[in-house]
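Close look at the chain arrangement
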Amino acid sequence: MNCVKAAGGKFSFQMERDERRLLFQVLRAYPLIPIAHHRLSKSEEIREDQQLLEESLAAQRKENKKQVRALLTARSGFHANKRGWRWSLTAAQIEWLLQVLNDVRIGAWLAIGSPDGQMETIAIFNEKTAPYFWAMEVSGHFQAVLLKAIDCGVSPKLE
């Protein structure tokens, strides 16, 4: 996936057919971060505040899931061409997509035990954790492309 046009807060990406399929697969994994992972404090004194945080996160997650479903079913902004797909996004849509992809990436990292070192990663790679490694890497790839597009937003052609 490459950003081929960026102007006026709108971005156009060219992606191959398989890339779109991978994007949709990784988005179907949303959400992966357990709500309980988000803690205000380890102290029991702020239980009510923690409950408010969890309720807010649940509401945000519900809205994000609705938007992900809409993207996956309506295929919004995708236009087929001879090279695959052209996908148009606004800066706000990119920001939202980055948040969703970040949830998948961090959630996958948590699911495999939050590995820090390469040796630890090799030791925990198995049949059960492989889908999480895959989700972590694929979401990271799409995040990098989107961040590069935002950073290069003034360039008319980025191929």
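Residues numbered from 1 in each chain as written. Predicted model: local features only at pLDDT ≥ 70, side-chain atom pairs only at ≥ 80, totals over all residues. Heavy atoms only, no water.

Our next topic: the layout of surface pockets. It is a probe the size of a water molecule, rolled over the atoms, that shows where empty space is left. Of the pockets and cavities examined, the second largest pocket occupies roughly 180 Å³. For the second largest pocket, the full set of lining residues is Q67, A70, L71, S76, G77, W87, S88, L89, A92, Q93, W96 and L97. Contributions of two or more residues to the lining of the second largest pocket are made by α2 (47-74), β4 (84-90) and α3 (91-111). The greatest single-element share of the lining of the second largest pocket, amounting to four residues, is contributed by α3. Residue composition of the lining of the second largest pocket, grouped by class: seven nonpolar, five polar and no charged. (1 Å grid on protein atoms, 1.4 Å probe; cavity = no way out; pocket = protein on both sides within 12 Å on 5 of 7 lines; lining within 4 Å. Points joined across faces, edges and corners; volume = space filled by probe spheres on them. Helix = DSSP H or I, 4+ residues; strand = E, 2+ residues; numbered from the N terminus. Nonpolar A, V, L, I, M, F, W, Y, C, P; charged D, E, K, R; others polar.)

Judged by pairing direction, the sheet is antiparallel, and its four strands sit side by side in the order β1-β2-β4-β3 without closing on themselves. At either end of the open sheet lies a strand with only one pairing partner, and these are β1 (2-7) and β3 (78-81). Averaged over all neighbouring strand pairs, the angle between strand axes comes to 20 degrees, with direction disregarded. Looking at chain direction, β1 and strand β2 (residues 10-15) are connected through five bridges and run antiparallel. Residue K5 lies in a different strand from β2, and its bridge partner there is S12. Of the strands in this sheet, β2 and β4 touch α3, which is tilted by about 100 degrees from β4. Its contacts with the sheet put helix α5 (residues 130-151) on β1, β2 and β4, and the angle it makes with β2 is roughly 140 degrees. (Pairing = 2+ DSSP bridges. Axes fitted to C-alpha atoms, helices over the stretch in contact; angles between N-to-C directions. Contact = heavy atoms within 4.5 Å.)

Together, K62, K65, K66 and R69 make up a region of like positive charge exposed at the surface. In this fold, K65 is placed in helix α2. The exposure class of K65 is partly exposed, given its relative accessible area of 36%. (Patch = residues over 30% accessible without salt bridge, like charges linked within 9 Å, V, L, I, M, F, W, Y side chains within 5 Å. Areas by Shrake-Rupley, 256 points an atom, 1.4 Å probe, with all protein chains shown as cover. Salt bridge = Lys/Arg side-chain N within 4 Å of Asp/Glu carboxyl O. Lys, Arg positive; Asp, Glu negative; His and termini not counted. Charge placed at Lys NZ, Arg CZ, Asp CG, Glu CD. Buried < 20%, exposed > 50% of the residue type's maximum accessible area, 1.4 Å probe, protein only.)

Take unusual backbone geometry next. Here the bond from Y30 into P31 is cis, since omega is -5 degrees, no more than 30 degrees from zero. Mapped onto the secondary structure, P31 falls in the loop between α1 (17-28) and α2.

With that out of the way, let us pick up α1. The terminal C-alpha atoms of α1, which comprises 12 residues, lie 17 Å apart, in line with the 16 Å expected from a rise of 1.5 Å per residue. Looking at α1, one finds that the buried residues are E19, R20, L23, F24, V26 and L27. Angular distribution of buried residues about the axis of α1 spans 165 degrees; they occupy a single face of the element. Looking at the packing, one finds that the buried side of α1 touches β2, α2, β3, β4, α3 and α5. (Expected span 1.5 Å × (residues − 1). Arc of directions from axis to C-beta.)

With the rule as written, the count across this model stands at four aromatic pairs. Plain terms: the ring middles of F78 and W85 are 6.3 Å apart, the flat faces sit at 90 degrees to each other, and that makes the pair edge-to-face. Owing to a relative accessible area of 8%, F78 belongs among the buried residues under this scheme. Through a chain of ring-to-ring contacts, three or more aromatic side chains come together here, namely F24, F78, W85 and W87. Positioned over the ring face of F78 is R20, at 5.2 Å from the centre of the ring. (Phe/Tyr/Trp six-rings, centres within 6.5 Å; stacked < 30°, edge-to-face > 60°. Lys NZ or Arg CZ within 6 Å of the ring centre and 35° of its normal.)

Relative placement of two packed helices is described by the angle separating their axes and the distance separating the axes. Contact geometry for α1 and α2: axes closest at 10 Å, N-to-C directions at 150 degrees. As far as their axial angle goes, α2 and α1 are roughly antiparallel. Seen from above, α1 lies across α2 with left-handed handedness. Residues F24, L27 and R28 of α1 touch α2, and the partners they reach there are V68, L71 and L72. For the contact of α1 with α2, the class distribution of residues is five nonpolar, no polar and one charged. (Parallel < 35°, antiparallel > 145°, perpendicular 65-115°, else oblique. Left-handed = near helix turned anticlockwise from the far one by under 90°.)

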